[in-house]
Amino acid sequence: MDKTIYLDMAATTPIDSRVLDKMMPWLTSEYGNPSTQYGLGERAAGAIYKAREEIALLINADPDEIYFTSGGTESDNWAIASSMEYSKANGRNSILVSSIEHHAVSKFCEEKKYDVVEQEVDWCGLIDLYTFQEWLRSRRDIGVASIMLANNEIGTVEPIETLSLIAKSNNVIFHTDAVQAFGHIPIDVKKLGVHMLSASGHKINAPKGIGCLYIRKDIMPKISPYIIGGYQERGMRASTENVAGIVGFGEAARLCREEMNIRNEEIHLLKLYLLSKLEEISGIHANGIDLTENNNYRLKNNLNFRIDGVSGTRLQQLLAEKNICISVGSACNSGNPEPSHVLKAIGLSDKQAHESIRITLGHENTFEDIDIFSKWFKTYVNLLRNIE
Ligand code: PLP
């Protein structure tokens, strides 16, 4: 069996061994229910609080503004459902989202039959600030806006600080899906000015099935619980806490805070190395912001590009036979034969979208990973070009 070469960190990340070590007691001897009033339970409640502090520290929030959930999807669903409930009760029935939101936002709005204003993005995936302002000024029925901080397919980082200012001046509740950005780029919620922000553990080397929603204190009275039952999470999110998951998420957040700069430097070097290998192959075009630019408008680890005359899906399948993991579109949408809605939104034709692949690097990757990937990538691109 070939060594696994994992280049799909936007889909999920491996659990860091330090995270697992911190989690182990909470999966074994420390099994108390955090709502109980004896040592075993009180220690679990204390561990949850510590994790809450770590998450808060990473984004400059207050610990009591952090609510643990089952992941990014629940956080997105909750943020939108509760803000739309408030907004509708106040006579504003519409929500504005971008055309490249994750399905946890866009499908949810569709399913709930909200009146959705979908703002298009430009060729690199950016939301135009002026158009956003015009929408909010001209459509007073828009009470909520949800624009992602970083896109999961093309890595575009949106100008959230300015967007939230515009939302504020129009009295619009502003939520951002930060699942791909959280722990990877510096986030200061006070500077960003958002009302709500979603994050997920499994994108930062914590386990799957744990996430959080940041809810700014002043908007709390407008937000209703989404999962109802017991008094967990101050009555805002019922169900006995996933103590081990929360502890792991907290430790992963602490490691992101301490290691973010060094990780990003490592990833940048890996990316440059990979780009130098790709230069040897003709007919490769970046999707979204130029891959060689080192600016803050694209996540450092994201490479999404199309390869003339090559089916992305076929290429992915061939690489998978060598145990090399890359993606076409987002992981959550795999199996869907439709071209990616994100690639279509930035102006690609169906054919171009089908010729695209996504590689997302992590600090765990090595130069050897890139060498092995590049060798097989080159072989299979040539093979597919010759037979198609
Ligand atoms: N939002 C974005 C941008 C994502 O990339 C993902 C997962 O890939 C989600 C939401 C959903 O997060 P989770 O898998 O934790 O539910």
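Residues numbered from 1 in each chain as written. Predicted model: local features only at pLDDT ≥ 70, side-chain atom pairs only at ≥ 80, totals over all residues. Heavy atoms only, no water.

Points about the site of the ligand
- Around the ligand, 14 residues are found, and the nearest of them are T73, D177, Q180, S200 and K203.
- One of the side-chain nitrogen or oxygen atoms of T73 is found 2.6 Å away from an oxygen atom of the ligand.
- At a separation of 2.6 Å, an oxygen atom of the ligand approaches a polar side-chain atom of K203.
- Bound to the protein, the ligand loses 90% of the 390 Å² it would expose on its own.
- When residues in the shell around the ligand are grouped by element, the largest group, three residues, is from helix α3 (residues 72–89).
- Residue composition of the shell around the ligand, by class: three nonpolar, eight polar and three charged. (Near = heavy atom within 4 Å. Polar contact = N/O pair within 3.5 Å; in protein donor to acceptor, adjacent residues only side chain to side chain. Areas by Shrake-Rupley, 256 points an atom, 1.4 Å probe, with all protein chains shown as cover. Helix = DSSP H or I, 4+ residues; strand = E, 2+ residues; numbered from the N terminus. Nonpolar A, V, L, I, M, F, W, Y, C, P; charged D, E, K, R; others polar.)

Concerning the pairing of strand β12 (residues 356–360)
- For β12, the buried fraction is high: five of the five residues fall into the buried class.
- Of the two faces of β12, the one lined by S356, R358 and T360 and the one lined by I357 and I359 are each fully buried.
- Looking at chain direction, strand β10 (residues 302–307) and β12 are connected through five bridges and run antiparallel. Residue pairing across strands places R306 opposite S356, the latter belonging to β12. (Buried < 20%, exposed > 50% of the residue type's maximum accessible area, 1.4 Å probe, protein only. Pairing = 2+ DSSP bridges.)

Quick word on the state of the cysteines
- Counted by the stated rule, this structure contains zero disulfides.
- Note on C212: no disulfide assigned, nearest cysteine sulfur contributed by C256 at a separation of 12 Å.
- Classification of C212 as buried rests on a relative accessible area of 1%. (Disulfide = S-S within 2.5 Å.)

Thoughts on the packing of aromatic side chains
- Under the counting rule described, the total for this entry stands at 10 aromatic pairs.
- Centroid distance F108 to Y114: 6.3 Å. Interplanar angle 65 degrees. Geometry classified as edge-to-face.
- Classification of F108 as buried rests on a relative accessible area of 9%.
- Y114 sits in the buried class, given a relative accessible area of 13%.
- Look at Y273 and F367: their rings are 5.2 Å apart centre to centre, the planes differ by 75 degrees, and that puts the pair in the edge-to-face class. You can see Y273 sitting in helix α8 (residues 243–278) and its partner F367 sitting in helix α12 (residues 367–387), a full 94 residues away along the chain.
- F367 sits in the partly exposed class, given a relative accessible area of 42%.
- An aromatic cluster is defined as three or more aromatic residues linked by ring pairs; in this entry it consists of F68, F182 and F249.
- Sitting above the plane of the W376 ring, K322 keeps its charged end 4.5 Å from the centroid. (Phe/Tyr/Trp six-rings, centres within 6.5 Å; stacked < 30°, edge-to-face > 60°. Lys NZ or Arg CZ within 6 Å of the ring centre and 35° of its normal.)

Re the pattern of salt bridges
- Enumeration over the complete set of coordinates arrives at 23 salt bridges.
- The shortest N-O distance in the salt bridge between E251 and R254 comes to 2.9 Å. Highlighted residues: E251 and R254, both in helix α8, separated by three residues, approximately one helical turn.
- Within this structure, D16, R18, E259 and R263 form a network of salt bridges that share partners. (Salt bridge = Lys/Arg side-chain N within 4 Å of Asp/Glu carboxyl O.)

A closer look at the sheet that holds β12
- The antiparallel open sheet is built from three strands, whose spatial order is β9-β10-β12. Lying at the two open borders of the sheet, with one neighbouring strand each, are β9 (284–286) and β12. For this sheet the average axis-to-axis angle between neighbouring strands, irrespective of direction, equals 30 degrees.
- Set on the sheet, α8 makes contact with β9, β10 and β12; between it and β10 the angle comes to about 10 degrees.
- Each of β9, β10 and β12 touches α12; the most contacted strand, β10, lies at about 20 degrees to it. (Axes fitted to C-alpha atoms, helices over the stretch in contact; angles between N-to-C directions. Contact = heavy atoms within 4.5 Å.)

Points about the packing of helix α1 (residues 17–27) against α8
- Direction vectors running N to C along α1 and α8 enclose 165 degrees, while the axes themselves pass 8 Å from each other. The orientation of α1 relative to α8 falls into the category roughly antiparallel. Two packed elements cross with a definite hand, and for α1 against α8 that hand is right-handed. Side by side, α1 and α8 meet where R18, V19, K22, M23, W26 and L27 of the first sit next to V243, A244, G245, V247, G248, E251, A252, L255, E259 and R263 of the second.
- Its residues assigned to classes, the contact of α1 with α8 shows nine nonpolar, two polar and five charged. (Parallel < 35°, antiparallel > 145°, perpendicular 65-115°, else oblique. Left-handed = near helix turned anticlockwise from the far one by under 90°.)

Examining the side chain of S87
- Mapped onto the fold, S87 is located in helix α3.
- Setting aside chain neighbours within four positions, we find S87 in contact with R92, G143 and V144.

Observations regarding the packing of helix α2 (residues 39–59) against α8
- Where α2 meets α8, the axes come as close as 8 Å, and the angle between the chain directions of the two elements is 30 degrees. With respect to α8, the element α2 is oriented roughly parallel. Judged by the sense of rotation from one axis to the other, the crossing of α2 with α8 is left-handed. Residue-level contacts link A44, A47, I48, A51, E54, I55, L57 and L58 of α2 to V243, I246, V247, F249, G250, A253, R254, C256, R257 and M260 of α8.
- The residue inventory of the contact of α2 with α8, partitioned by class, reads 14 nonpolar, one polar and three charged.

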